[in-house]
Amino acid sequence: MSKKLLLKDAHIEGIRYFETYRKQGGYTAAEKALKMTPDEILEEVKVSGLRGRGGAGFPTGMKWSFLAKPEGVPRHLVVNADESEPGTFKDRYLMEFLPHLLIEGMLISSYCLGSNVSYIYIRGEYSWIPDILEEAIEEAKAAGFLGKNILGTGFDLEIYVQRGGGAYICGEETALLESLEGKRGNPRLKPPFPAVKGLWERPTVVNNVESIAAIVPIIDITGAEYAKIGVGRSTGTKLISACGNINKPGVYEIDMTITVEEFIYSDEYCGGIKDGKRLKACIPGGSSVPIVPANLLLKTVNGEPRYMNYESLADGGFATGTMMGSGGFIVLDEDQCIVEHTMTLARFYNHESCGQCTPCREGTGWMYKILKKIEKGEGKMEDIDLLWDIQRKIEGNTICPLGDAAAWPVAAAIRHFRDEFEWHIKNPELSQTQNYGLANY
Ligand code: SF4
């Protein structure tokens, strides 16, 4: 059984409210942190090995150490709660059921970074959650954990919740900052990075909800103890939101030492494939990461078990290397059509492209049109190579990672499931009514 750090109290009735959270030991990590120096906290975060839980997996301590500290210029912490990646809903769970864990994590992080005004930027579709967060902020303020001179330390902190307008691109950190400033959410060219010029051109750290929540147990048990959980550079615990053709969709906390097979088939987690069907493929880290066929998902190319961690999921033999990503684990059974699935994703990315870069703006549209044609049984064999060519021209040639996110699923689908694309083209009369089914994957 995986160790629980973030969700250990999630089952307790009323844990959403300050009184219950406090009774369970809530805010003791903040009390401890406020007696430390910011540099001591930073060192704990570095030692913990925590990697950003939003998708990129960049070491959080290192990110914090990049924050510029020019004299007299305010700094900010911005929590990225714009959780829009298809298949990902673990931050929603944290905010809905454990809002004080996030606020306590923000208090510690803001103190460490020197931010007196911090923000939670939350996706517009999570319409009911800002009220939960704002209520928790008021409770924390009434208890002296927010506002002026927190616990007599002289440290002040205000937290504001900003609702997004429902654009996927605002999950990209610089687009988020543009939106938070009241502008259209267009990603910025980097450099300068937000750590130097972020919100209102001030040094800013943008971190995912789960990353900031994880600061609480790191301070609580120490960075060194946190680093002992997990394996290699995949330290601590990770929230996974599991969905698709499984018996038990939901949010699970894992310690990254379990195998993918255990995660899918164990009753503790996904509980196996729905209706006793066979596993066809999986997207292990949200829709932007490459799809992986069952044979490579359960075992590495060397025949070793594949583990639910950053290194093992990205290891060897994949089209473009899949990733732990945002932890949105999407399972596809033998009945799922890969061409239709890829087409749906292409439509999504085309719709969500902000339009600034030609390869993304035009390429995502072309990929969607070609995939639609193939899926309808109107494609030609050369369309597969055309698709491949377009995705190659998008990857690495855009301002922000949305371009890559649109290209990778197409590349991986062609690489691993080319037979299925060809089947649609060779069987135009069948492709609308039948499924290619489980090939020899
Ligand atoms: Fe906009 Fe796409 Fe360019 Fe990102 S890659 S800046 S979403 S056009």
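These figures come from a predicted structure and were not determined experimentally.

A.B. asks: Explain the pattern of salt bridges residue by residue, including any values.
C.D. replies: The full count for this structure, using the stated rule, is 30 salt bridges. One salt bridge in this structure joins Lys280 and Glu420, with 2.9 Å as the shortest N-O distance. Pair noted here: Lys280 is in strand β9 (residues 279-283) and Glu420 is in helix α17 (residues 402-426), with a separation of 140 residues, a long-range link. Each member of the pair, Lys280 as well as Glu420, is classed as buried. The salt bridge partner of Asp383 is Lys373, with a shortest N-O separation of 3.3 Å. Pair noted here: Asp383 is in helix α16 (residues 381-394) and Lys373 is in helix α15 (residues 358-375), with a separation of 10 residues, a long-range link. Judged by relative accessible area, Asp383 falls into the buried class, the value being 7%. Among the charged side chains, a salt-bridge network with shared partners connects Arg53, Lys90, Asp91, Glu210 and Lys238.

A.B. asks: Any chance you could break down the sheet that holds strand β3 (residues 158-163) for me, citing the residues and the numbers?
C.D. replies: Taking strand neighbours across the sheet as the criterion, the 4 strands line up as β3-β2-β1-β4 in an open arrangement whose pairing is parallel. Either end of the sheet is taken by a strand with one partner, and the two such strands are β3 and β4 (204-208). Here the average twist between neighbouring strands, direction ignored, is 20°. When strand β1 (residues 76-81) meets strand β2 (residues 117-122), the two strands line up parallel, connected through 4 bridges. If you follow Val79 over to β2, its bridge partner there is Ile120. This element, helix α9 (residues 209-221), spans β1 and β4 of the sheet and lies at about 90° to β4.

A.B. asks: Tell me what's going on with the site of the ligand, and back it up with residues and numbers.
C.D. replies: In the vicinity of the ligand, 13 residues are found, and the nearest of them are Cys354, Gln356, Cys357, Cys360 and Cys400. Split into classes, the residues belonging to the shell around the ligand amount to 8 nonpolar, 5 polar and no charged.

A.B. asks: Got a sec to walk through the packing of aromatic side chains? Specific residues and values, please.
C.D. replies: As enumerated under the stated definition, the model contains 17 aromatic pairs in all. Arranged with centres 5.0 Å apart and planes meeting at 80°, the rings of Phe263 and Phe329 form a pair that is edge-to-face. Taken together, the residues span a long stretch of sequence, with Phe263 in helix α11 (residues 260-265) and Phe329 in strand β11 (residues 328-333) at a distance of 66 residues. On the basis of relative accessible area, Phe263 is assigned to the buried category, the value being 0%. Grouping aromatic residues by their ring pairs yields a cluster made of Phe18, Tyr21, Tyr27 and Phe145. Geometry around Tyr310 places Arg51 over its ring, the cationic atom sitting 4.2 Å from the centre. Over the face of the ring belonging to Tyr126 we find Arg123, whose NZ or CZ atom lies 5.0 Å from the ring centre.

A.B. asks: Go over unusual backbone geometry with me, naming the residues and quoting the values.
C.D. replies: The omega angle of the peptide bond from Lys190 to Pro191 is -5°, so this bond is cis rather than trans. As for its placement among the helices and strands, Pro191 is situated in the loop between α8 (173-180) and β4. At the junction of Pro191 and Pro192, the peptide bond is cis and its omega measures out at 5° in the coordinates. Secondary-structure assignment places Pro192 in the loop between α8 and β4.

A.B. asks: Run through the side chain of Glu253, naming residues and quoting values.
C.D. replies: Relative to the helices and strands, Glu253 resides in strand β8 (residues 250-254). No salt bridge is formed by the buried Glu253; its nearest oppositely charged neighbour, Lys4, is found at 5.6 Å. There is a polar contact of 2.8 Å between the side chain of Glu253 and the backbone nitrogen of Leu6. For Glu253, the side chain forms a polar contact with the side chain of Thr237, separated by 2.6 Å. Those residues within four positions of Glu253 in sequence are excluded, and the remaining contacts are Ser2, Lys3, Lys4, Leu5, Leu6, Leu7, Lys8, Thr237, Lys238, Leu239 and Tyr269.

A.B. asks: Which residues make up a nonpolar patch on the surface, and what values go with them?
C.D. replies: Among the surface-exposed residues, Phe58, Met62 and Phe66 lie close enough to one another that they form a single nonpolar patch of about 290 Å² accessible area. Inspection of the secondary structure assignment puts Phe66 in the loop between α4 (60-65) and β1.

Calculation notes
- Residues numbered from 1 in each chain as written.
- Predicted model: local features only at pLDDT ≥ 70, side-chain atom pairs only at ≥ 80, totals over all residues.
- Heavy atoms only, no water.
- Salt bridge = Lys/Arg side-chain N within 4 Å of Asp/Glu carboxyl O.
- Helix = DSSP H or I, 4+ residues; strand = E, 2+ residues; numbered from the N terminus.
- Buried < 20%, exposed > 50% of the residue type's maximum accessible area, 1.4 Å probe, protein only.
- Pairing = 2+ DSSP bridges.
- Axes fitted to C-alpha atoms, helices over the stretch in contact; angles between N-to-C directions.
- Contact = heavy atoms within 4.5 Å.
- Near = heavy atom within 4 Å.
- Nonpolar A, V, L, I, M, F, W, Y, C, P; charged D, E, K, R; others polar.
- Phe/Tyr/Trp six-rings, centres within 6.5 Å; stacked < 30°, edge-to-face > 60°.
- Lys NZ or Arg CZ within 6 Å of the ring centre and 35° of its normal.
- Lys, Arg positive; Asp, Glu negative; His and termini not counted.
- Polar contact = N/O pair within 3.5 Å; in protein donor to acceptor, adjacent residues only side chain to side chain.
- Patch = residues over 30% accessible without salt bridge, like charges linked within 9 Å, V, L, I, M, F, W, Y side chains within 5 Å.
- Areas by Shrake-Rupley, 256 points an atom, 1.4 Å probe, with all protein chains shown as cover.

Limitation: the analysis is restricted to geometry and does not speak to function.
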